[in-house]
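Below are the chains, spelled out letter by letter.
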Amino acid sequence: DGPFYHNRFFLLFETIPIFFALIGLVSYSVSRYLKAHPMYAASLAASRQAQKGIVKARAMISDGKATEFYELVFRILQDYLGKRRLKHYSSAITSNIVDEIDTIGLSEDLTDRIKQLFNECYIARYATEAFGAEDMRKSLETLIYIIDNLDRKIQI
């Protein structure tokens, strides 16, 4: 029955804020390190930019503007692969360079889908063939599949 600050429960209760402060400090340090890490920062920025582009592309499907849609998909894919995967400029990424992407072992299916999507973009850009809303939806699903699979392969 001494002073209350000699009580064990009071001392235990006083260590809780210190514990939370240490957890906050450690999590802040880890997040700051990861954001400063060049590979992680580039992949994080590429993923965010690709997600914003996907939202824009999804909105373009209802407008029915196939040429603008495929130009946007082409730009999204170029920027994503350039920032996230290769040490090339984004504007240098084409379907011909996809075979050189295999730095960490992409699957054959994923490589084929990337080439297919690039070819669809080329066809929409240079040919007179018109793409419908269903074709654009399939292309968008392919783009989402590619980005999701490449995002899973983040290596720090």
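Owing to the predicted nature of the structure, the values given are computational and were not obtained by experimental measurement.

Conventions we followed
- Throughout, a residue's number is its position along its own chain's written sequence, starting from 1.
- Reporting in this predicted model follows two pLDDT cut-offs: at least 70 for local features of residues, and 80 or more for side-chain atom pairs to be given and counted; totals over whole chains, interfaces and linings ignore these cut-offs and use all residues.
- Water and hydrogen atoms play no part in the side-chain values, which are based on all heavy atoms of the structure.
- Under the scheme used here, helices are H or I runs from DSSP no shorter than 4 residues and strands are E runs no shorter than 2 residues, and both carry numbers assigned from the N terminus.
- We call two residues in contact whenever any of their non-hydrogen atoms come within 4.5 Å of each other.
- The rule is simple: take the accessible area with a 1.4 Å probe, protein chains only, and divide by the maximum for that residue type; under 20% is buried, over 50% is exposed, in between is partly exposed.
- What counts as a ring pair is set by centres within 6.5 Å for rings of Phe, Tyr and Trp (its six-membered ring), and what kind of pair is set by the plane angle: stacked under 30 degrees, edge-to-face over 60, tilted for all other angles.
- Ring-over charges, as used throughout, are those where CZ of Arg or NZ of Lys falls within 6 Å of the ring centre and within 35 degrees of the ring normal.
- Each axis is a line fitted through C-alpha atoms, taken for helices only over the stretch in contact, and angles between the N-to-C directions span 0 to 180 degrees.
- Any angle from 65 to 115 degrees is called roughly perpendicular, while one under 35 is roughly parallel, one over 145 is roughly antiparallel, and all others are oblique.
- In this count, Pro and Cys sit with the nonpolar residues alongside Ala, Val, Leu, Ile, Met, Phe, Trp and Tyr, while Asp, Glu, Lys and Arg are called charged and the others, Gly among them, polar.
- Every case where a carboxyl oxygen of Asp or Glu lies within 4 Å of a side-chain nitrogen of Lys or Arg is listed as a salt bridge.

*Asks:* Quick rundown of the overall build of the protein? Include the residues and the values.
*Replies:* Of the regular secondary structure elements, the protein holds 5 helices and 0 strands. Shown N-terminal to C-terminal, the secondary structure of the protein runs as helices and strands in the order α-α-α-α-α. For the protein, restricting intrachain contacts to residue pairs at least 6 apart in sequence, the fraction spanning at least 24 positions comes to 66%.

*Asks:* Kindly report on the environment of Phe 118, identifying the contributing residues and their values.
*Replies:* In this fold, Phe 118 is placed in helix α4 (residues 108-126). Residue class for Phe 118 comes out buried when judged on its relative accessible area of 0%. Sequence-distant contacts of Phe 118, defined by excluding residues within four places in its chain, comprise Phe 74, Leu 77, Gln 78, Leu 81, Ile 93, Thr 94, Ser 95 and Val 98.

*Asks:* I'd love a proper account of the packing of aromatic side chains, names of residues and values included.
*Replies:* With the rule as written, the count across this model stands at 6 aromatic pairs. With centroids separated by 5.4 Å and ring planes inclined at 75°, the aromatic side chains of Phe 74 and Phe 118 adopt a geometry described as edge-to-face. Placement of Phe 74 in helix α3 (residues 66-84) and of Phe 118 in helix α4 is noted, with a sequence separation of 44 residues between them. No difference in accessibility class separates Phe 74 from Phe 118, as the two residues are buried. Every member of this aromatic cluster is reached through a ring pair, and the members are Phe 69, Tyr 70 and Phe 131. The ring of Tyr 145 carries the charged tip of Arg 113 above its face, separated from the ring centre by 3.9 Å. Sitting above the plane of the Phe 74 ring, Arg 125 keeps its charged end 4.4 Å from the centroid.

*Asks:* Can you tell me about the packing of α3 against helix α5 (residues 133-151), naming the residues and giving the values?
*Replies:* When two helices pack together, their arrangement is given by the angle between their axes and by how far apart the axes lie. Direction vectors running N to C along α3 and α5 enclose 10°, while the axes themselves pass 11 Å from each other. Classified by the angle between their axes, α3 and α5 sit roughly parallel to one another. Contact with α3, carried on its side by Ala 66, Phe 69, Tyr 70, Val 73, Ile 76, Leu 77, Tyr 80, Leu 81 and Arg 84, involves Asp 135, Met 136, Ser 139, Leu 140, Leu 143, Ile 146, Ile 147, Leu 150 and Asp 151 of α5 and no other residues of that element. Across the contact of α3 with α5, the residue classes break down as 14 nonpolar, 1 polar and 3 charged.

*Asks:* Break down the packing of helix α2 (residues 38-63) against α3 for me, citing the residues and quoting the values.
*Replies:* For the pair α2 and α3, the least separation of the axes is 9 Å and the interaxial angle reads 170°. One way to sum up the angle between α2 and α3 is to call them roughly antiparallel. Across the contact of α2 with α3, the residue classes break down as 12 nonpolar, 4 polar and 5 charged.

*Asks:* I'd like a description of the pattern of salt bridges, backed by residues and values.
*Replies:* Taken as a whole, this structure holds 2 salt bridges when the rule is applied. The closest approach of N and O atoms between Arg 137 and Glu 134, which form a salt bridge, is 3.4 Å. In this pair, Arg 137 and Glu 134 are both assigned in helix α5, 3 residues apart and thus about one turn of the helix distant. Judged by its relative accessible area of 39%, Arg 137 is partly exposed.

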